[in-house]
Amino acid sequence: MKLNLNTGIIGHKIFCIYSTSSTNNIARNLAEEGQLEGTAVLAEEQTGGRGRNQKSWFSPQGSGIYLSIILKPVIPQEKVGLITLIAGLAIAEAMEKVSDVRVDIKWPNDLIINGRKVGGILTEAFFDSENLKYIILGIGINVTGSDTEFPLELRGKATTLEIEAGKQLDKKTLLIQLLENLEDEYRNFCLSYSLDLKKIKEKMAFMWGREGLFFEHDKVVHKGTIIDLNGDGSLILQSNGKTISIYHGELSLQIQ
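Conventions and cut-offs
- Residues numbered from 1 in each chain as written.
- Predicted model: local features only at pLDDT ≥ 70, side-chain atom pairs only at ≥ 80, totals over all residues.
- Heavy atoms only, no water.
- Helix = DSSP H or I, 4+ residues; strand = E, 2+ residues; numbered from the N terminus.
- Rg over C-alpha atoms; globule rule 2.2 N^0.38 Å.
- Buried < 20%, exposed > 50% of the residue type's maximum accessible area, 1.4 Å probe, protein only.
- Salt bridge = Lys/Arg side-chain N within 4 Å of Asp/Glu carboxyl O.
- Core = buried A, V, L, I, M, F, W, Y, C linked by side-chain atoms within 4.5 Å.
- Contact = heavy atoms within 4.5 Å.
- Axes fitted to C-alpha atoms, helices over the stretch in contact; angles between N-to-C directions.
- Left-handed = near helix turned anticlockwise from the far one by under 90°.
- Pairing = 2+ DSSP bridges.

What follows concerns the overall build of the protein. A count of helices and strands for the protein gives five helices and 12 strands. Relative to a compact globule of 256 residues, whose C-alpha radius of gyration would be 18 Å, the protein shows 18 Å and is just as compact. Taking the principal axes of the C-alpha coordinates as reference, the protein spans close to 55 × 45 × 30 Å. For the protein, with 256 residues in total, the buried portion stands at 50%.

So, about the pattern of salt bridges. Taken as a whole, this structure holds 13 salt bridges when the rule is applied. Across the pair aspartate 147 and arginine 116 runs a salt bridge whose closest N-O atoms are separated by 3.2 Å. With aspartate 147 in the loop between strand 7 (131-142) and helix 3 (161-165) and arginine 116 in strand 6 (residues 116-128), this pair connects stretches of sequence that are 31 residues apart. Of the charged contacts in the structure, one is a salt bridge between glutamate 183 and arginine 187, with a shortest N-O distance of 2.8 Å. Here the residue glutamate 183 and the residue arginine 187 both occupy positions in helix 4 (residues 171-192), the gap between them amounting to four residues, near one helical turn. Its relative accessible area of 4% is what places glutamate 183 among the buried residues. Taking relative accessible area as the criterion, arginine 187 reaches 40% and is therefore assigned partly exposed. Look at the salt bridges and you will find they share partners, linking Arg102, Asp104 and Glu202 into a network.

Next up on the list: the nonpolar core. Formed by 60 residues in total, the largest nonpolar core has its most connected members in Leu67 and Trp107. Examining the composition of this core, we find that 12 residues originate from one element, helix 2 (residues 82-99), more than from any other. If we skip the residues at most four places from it in the chain, leucine 67 touches Thr23, Ala40, Val41, Leu42, Leu137, Gly138, Ile139, Leu175, Leu178 and Leu179. With eight residues, the next largest nonpolar core counts Ala27, Ala31, Val41 and Ile70 among its residues.

The geometry of helix 2 relative to helix 4 is characterised by a closest axis approach of 8 Å and an angle of 145° between their N-to-C directions. The handedness of the crossing between helix 2 and helix 4 comes out as right-handed. Across the interface between the two elements, Leu82, Ile83, Ile86, Ala87, Leu89, Ala90, Ile91, Glu93, Ala94, Met95, Lys97 and Val98 of helix 2 pack against Thr173, Leu174, Gln177, Leu178, Asn181, Leu182, Glu185, Tyr186 and Phe189 of helix 4.

Taken in spatial order, the seven strands of this open sheet run 1-2-3-7-6-5-4, and their pairing is mixed. Edge positions in the sheet fall to strand 1 (14-20) and strand 4 (104-106), since each of these pairs with one other strand and no more. Averaged over all pairs of adjacent strands, the angle between their axes in this sheet comes to 20°, without regard to strand direction. Where helix 4 meets the sheet, its contacts fall on strand 1, strand 2 (40-46), strand 3 (64-71) and strand 7, and the angle it forms with strand 3 comes to roughly 30°.

On to unusual backbone geometry. Cis geometry is adopted by the peptide bond preceding proline 108, which originates at tryptophan 107 and carries an omega value of -5°. One can find proline 108 in the loop between strand 4 and strand 5 (110-113). Residues other than glycine seldom take positive phi values, yet asparagine 114 does so here, at roughly 50°. Its location among the elements puts asparagine 114 in the loop between strand 5 and strand 6.

Okay, the pairing of strand 5 next. The two faces of strand 5 match: Asp110 and Ile112 on one face and Leu111 and Ile113 on the other face are all buried. In this structure, strand 4 lies alongside strand 5, joined through three bridges in antiparallel fashion. Pairing of lysine 106 across the sheet is with aspartate 110, part of strand 5. Following strand 4, the chain reverses through three residues before pairing antiparallel with strand 5. For strand 5 and strand 6, the ladder comprises four bridges, and the chain directions are antiparallel. Paired with aspartate 110 across the two strands is glycine 120, which belongs to strand 6.

Okay, structure coming up:
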């Protein structure tokens, strides 16, 4: 694919595939073969797309952006998890620019419009002993399609950018904006090892004060009121009169 990208790293080479089980799998193979940082895999369809905790990701032909990018940051191991949040900010702002619709971030990796999921991020890190070899950043965005095209179990929970914008959108324009935003956020992160905390907090503001359940392996491990976000990417939770930090888990927001 030929894109007029204003980037130096991200998307310098893009492998375009009509159909694959998972773009993350292809990107990992390419990384193992020695492909350079910023190399991306873009598919029209995923037959085995997945999100966090091996959950399936609905990836029908021609309806979305299904993208994986090889990253090789020189960062401390404890900073790896922040990649998901900086990517979320870059993607949300790209979607807003092309659609004129507000996009929120649900910790740690969901993109939300009006309470419904429109996209997600799957970050997979691979290590050689204790050293980080590379990260595969997987991105899935529902761009086109109607509610009736979603499986029954996703209707009312998922949405597309076009549904929320009420107009047709150009996927190529969105892709370019996404890659350029990601380049800027990624470069800044690699220099500072820190988040743009103010911007990310604003994108997560719809969560503050809401009750949340945190699951690990389908078991509730924490429950409480979500208060804020720490600079290390953890959520601050008020639970049983104590303030605790949550570093990982599957978040379910309770209905307001």
